[in-house]
Amino acid sequence: MYPGDQHYFAESSLPFYDADATALLLQRVLEFLRRLND
């Protein structure tokens, strides 16, 4: 779960961009991909 109610919080050109949530998203995606590679 991520804070807020917007779906595109990771799009930096939009007014509801959330840098903290984007960093968490990136961290989670990269960890997921690392697990697939194990």
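Report on the accompanying structure. Predicted model, so just to flag it, every value in this text is computed and none were measured.

### Side note on the overall build of the protein
Part 1: Helix and strand counts for the protein come out as one helix and zero strands.
Part 2: C-alpha extents for the protein along the principal axes are approximately 35 × 20 × 15 Å.
Part 3: Buried residues in the protein amount to 8% of all 38 residues.
Part 4: In the structure as shown, the protein presents an accessible area of about 3500 Å², 57% of it carried by carbon and sulfur atoms.

### Concerning helix H1 (residues 19–37)
Part 1: With 19 residues, H1 extends 27 Å from end C-alpha to end C-alpha; this agrees with the ideal 27 Å at 1.5 Å per step.
Part 2: Capping of H1 at its N-terminal end is provided by Asp-18; its side-chain oxygen lies 3.1 Å from the backbone amide nitrogen of Asp-20.

### Quick word on the pattern of salt bridges
Any two side chains of opposite charge can pair, so long as their charged atoms come close to each other.
Part 1: According to the stated counting rule, one finds two salt bridges in the structure shown.
Part 2: Between Glu-31 and Arg-35 there is a salt bridge whose closest N-O contact spans 3.4 Å. With a gap of four residues between them, Glu-31 and Arg-35 both fall in helix H1, about one helical turn apart.
Part 3: The class of Arg-35 is exposed, set by a relative accessible area of 57%.
Part 4: Each of Glu-31, Arg-34 and Arg-35 takes part in a single network of salt bridges with overlapping partners.

### What about the environment of Phe-32?
Part 1: Mapping Phe-32 onto the fold places it in helix H1.
Part 2: Residue classification places Phe-32 among the partly exposed positions, given a relative accessible area of 48%.
Part 3: Sequence-wise, Phe-32 and Pro-15 are 17 residues apart; in three dimensions their C-alpha atoms are separated by 28 Å.

Scoring rules and cut-offs
Residues numbered from 1 in each chain as written. Predicted model: local features only at pLDDT ≥ 70, side-chain atom pairs only at ≥ 80, totals over all residues. Heavy atoms only, no water. Helix = DSSP H or I, 4+ residues; strand = E, 2+ residues; numbered from the N terminus. Buried < 20%, exposed > 50% of the residue type's maximum accessible area, 1.4 Å probe, protein only. Areas by Shrake-Rupley, 256 points an atom, 1.4 Å probe, with all protein chains shown as cover. Expected span 1.5 Å × (residues − 1). Polar contact = N/O pair within 3.5 Å; in protein donor to acceptor, adjacent residues only side chain to side chain. Salt bridge = Lys/Arg side-chain N within 4 Å of Asp/Glu carboxyl O.

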